[in-house]
Amino acid sequence: METILEKPKGGITFASQDSLPKLPIPELDQTCKKYLAALKPLQGPREHGETTIAVQDFLKKDGPELQKKLQEYAVGKTSYIEQFWYDSYLNFDNPVVLNLNPFFLLEDDPTPARNNQVTRAASLVVSALEFVRAVRREELPPDTIKGVSLDMYQYSRLFGTARVPTENGCQIEQDPDSKHIVVLCHGQFYWFDVLDDNSDLIMSERDISINLQTIIDDAAQTPIQEAAKGALGILSTENRKIWSGLRDVLTKEEGSNNADCLGIVDSALFMLCLDYTEPSTAAALCQNMLCGTNDVVKGVQIGTCINRWYDKLQIIVCKNGSAGINFEHTGVDGHTVLRFASDLYTDTILRFARTINGKAPSLWKTASPDPSKRDPESFGDVNTHPHKLEWDMSPELNIAVRFAETRLADLISQNEFECLDFAGYGKNYITSAGFSPDAFVQMAFQAAYYGLYGRIECTYEPAMTKAFLRGRTEAVRTVSEESVNFVQTFWADNPAEAKVEALRKACQQHVNVTKECSKGRGCDRHLYALFCVWQRYLDEENDRSPSSMGYSSSLENGSEQGSVVGSPTKESVTSMNDDARTRQRGDSTTSRYQEHTVPPIFADNGWDKLNNTILSTSNCGNPSLRQFGFGPTSGGGFGIGYIIKDEGINICVSSKHRQTKRFVDTLESYLLEIRRVLRITNRKSTTSRQTRAREIDPDKPRASHRVKTRGRMITGTESLRSLARSSTGTRSPTEESLMMSEDDELGGYGFFDAGMLLQALKARGQVLEQQGEAKASERAAANARRREIGKKLRLVEY
């Protein structure tokens, strides 16, 4: 296994990489202006006054020097934020499950006969392998927005990668030549090769189906209660430092095959998890894809939570064929995995279509030669038979599995999930009403929360910055003075026109902020980078490791190649501020910055407030997905993943038992109520547009003998007023979160949160020394050893 070192080569997929602009470092005064604007609606006058003073002090003293140091640091780097981002993600100490890893729930296969576990899983695997092939051969067309190519670097880190914990933080490792997959079934591990040295498929869909059925039958021979006791995948849910120590236990015993088994798992292209359950509701499916089920029988955990390996990309397939993806978030954002999921889903349909009509189109520029027509000798040194990994379970490992499971069961029990498949309307209706879909939904979240709690809380939405080299995301701060005015106007006794007008202004402000963020002109990432520069300088002055918490980072040597992929983690903010305040009070550090104290802007309560996200939201999806989601980013917050479709809105909400269903119900009520309000204003505007015949002056004298003057004239306005007065529609939040037609692509992908930054700083990670390529003889020896790892299974008929 090799630590990722090399950049992707040129070609079709990466053809535009060299021409992509670098993420700009914003002007300091503009960043501070946007920072204050984001905080103003969240603070009272006195608190905001204190924050303003802290910002002004920063602009006069520490800020300009830190800005200069950041600009100097960025020279020669692909991105000024990338290494800081990676370090914060890789030094997140808490379990990645429910904290970092998001999930996608795919729509069911449109051909019902194919919605069984083995058929669906085999089909998805073949499509995934075709995607791998396209990336490796650089035949995958680049992502674009309005004809502008986006950064494609993340695709090179999607497969064959693993997040590996060490005593100095985590690192991302990758086997660039990986050609096997690992299958998890009943907590047991199996593997077989699927690609040759040219990344061509060596197995047909039927061949893979036979292997999967063989694995399912073999796994069923071990009672689930017994298998659960040795389900080592549960260890990947542990605290990262504990998991690092347990990996040492796995590999330290001489003569044990655990190290080889671990190598097989870490280097796999991806994990395929075959679950034996059939979740019946959308919420249960979402939970299964995010963290697995928690099902304890006679004191033994037999839920699907034991059937995962969270340090890698996972494709999960339930017994009834429901499928999803759970992914390790360090090196890839939602937009990248969304492309993978979309192509996966599309290819399964097109491939099935080609069995009916051979002229049906294909997603791929070229296809693998038909494995059934190839000479087996051309496959090279491969193992297509499934092998079961047999771990040497010591008493220490048995105890570790037990305690990891009980802690995970606690974690799962502390969270709840609710889904809303809103079918009342979607993007088409919202845009026809003149709103940006994303902004509309974002205002819905604001209105629903305010209607339920009467408070305005910090809200986060990521905006994609992949138009820049190595771009990730920027934080969109949804709460604005316009959004506050809207929710207060909406829930007060105001005319429909006033509510709609307030909504339009709030949505337009959200669109404006999102556009700025997508251009790299937000405030969060810039301020975080300035903080990292300050801390880095402080550590250098103290002649200690780059991390004040004892971890080191490759940013010290300025090596771009040595960087590992990462991103800020969710709860980092509070921790960093605790550290910052401690330093300020104790004056315990030595730096020429402000007499050794943290810059006031980072010690101010405003920094805490902006980085304690209550509504962490992300818009990521398309018709191939049924749901998308993640865990809450703070103990008192909601995690909200949503997909805006043409005729509906799918929303998955998680929280640590904060009346999640009630929040979802309020949200649905709001979406219906705002439509009613919009219809009222539309009717009034329609009646105001009269024909020429109606423009005749009603006060003009008429002949009294005309029969037509008899009776009371009906204006229509009164009936509308009566309708509004008598309506029993429940008022509730509303707004969307996509963008209007020109902004559809700008919605955020990924969900990492500026609120994750500070805690991550406590454990700034060390990037291990770059490892050179293994010698050819060593690789040959490793491959020879690999052929014998695991028990070879006897194939079944399928």
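For clarity, every value in this text was computed on a predicted model and none was experimentally measured. (Residues numbered from 1 in each chain as written. Predicted model: local features only at pLDDT ≥ 70, side-chain atom pairs only at ≥ 80, totals over all residues. Heavy atoms only, no water.)

**Student:** Residues and numbers for the nonpolar core, please.
**Tutor:** Grouped together as the largest cluster of nonpolar side chains are 60 residues, with contacts concentrated most on F104, L212, F270 and F340. F340 has contacts with A128, F131, L158, F159, L313, I315 and I325, leaving out every residue within four places of it along the chain. One finds V97, L184, I234 and A268 within the second-largest nonpolar core, a separate group that totals 57 residues. (Core = buried A, V, L, I, M, F, W, Y, C linked by side-chain atoms within 4.5 Å. Buried < 20%, exposed > 50% of the residue type's maximum accessible area, 1.4 Å probe, protein only. Contact = heavy atoms within 4.5 Å.)

**Student:** How would you summarise the sheet that holds strand β17 (residues 473-477) if you had to cite specific residues and measurements?
**Tutor:** In any sheet, the strands associate via hydrogen bonds between backbone groups, in a parallel or an antiparallel arrangement. Taken in spatial order, the six strands of this open sheet run β15-β21-β20-β18-β16-β17, and their pairing is mixed. Looking at the sheet topology across the chains shown, the edges are occupied by β15 (416-422) and β17. Sheet twist, expressed as the average angle between the axes of neighbouring strands with direction ignored, equals 20°. As judged from the two bridges shared by strand β16 (residues 459-464) and strand β18 (residues 615-619), these two strands associate in the parallel manner. Its bridge partner being in β18, T459 is matched across the sheet by L615. Running over the sheet, helix α10 (residues 282-290) touches β15 and β21 (648-655) and is turned about 125° from β15. Sitting on the sheet, helix α16 (residues 496-518) is in contact with β16 and β17, with an inclination near 160° to β17. (Pairing = 2+ DSSP bridges. Helix = DSSP H or I, 4+ residues; strand = E, 2+ residues; numbered from the N terminus. Axes fitted to C-alpha atoms, helices over the stretch in contact; angles between N-to-C directions.)

**Student:** Please provide a residue-by-residue account of the packing of helix α1 (residues 28-39) against helix α2 (residues 45-60), values included.
**Tutor:** Contact pair α1 / α2: the axes reach a minimum separation of 11 Å and the direction vectors enclose 170°. As judged from the angle between their axes, α1 and α2 are roughly antiparallel. When α1 is examined against α2, the residues L28, D29, C32, Y35, L36 and L39 are found in contact with a partner set consisting of H48, T51, T52, V55, F58 and L59. In the contact of α1 with α2, the residues fall into eight nonpolar, three polar and one charged. (Parallel < 35°, antiparallel > 145°, perpendicular 65-115°, else oblique. Nonpolar A, V, L, I, M, F, W, Y, C, P; charged D, E, K, R; others polar.)

**Student:** Describe the packing of aromatic side chains, and please don't skip the residues or the numbers.
**Tutor:** Inspection of the entire model under this criterion finds 29 aromatic pairs. With a centroid separation of 5.1 Å and an interplanar angle of 85°, the aromatic rings of F422 and Y425 are classed as edge-to-face. On the basis of relative accessible area, Y425 is assigned to the buried category, the value being 3%. Ring centres 4.8 Å apart and planes at 40° place the aromatic pair Y449 and Y453 in the tilted group. Of this pair, Y449 and Y453 both sit in helix α14 (residues 437-453), separated by four residues, roughly a single helical turn. The class of Y449 is buried, set by a relative accessible area of 1%. A relative accessible area of 21% means that Y453 is categorised as partly exposed. Members of the aromatic cluster, each reached through a chain of ring pairs, are Y35, F58, F531, W534, F602 and W607. Cation over ring: K77 sits above Y73, and NZ or CZ is 4.5 Å from the ring centre. (Phe/Tyr/Trp six-rings, centres within 6.5 Å; stacked < 30°, edge-to-face > 60°. Lys NZ or Arg CZ within 6 Å of the ring centre and 35° of its normal.)

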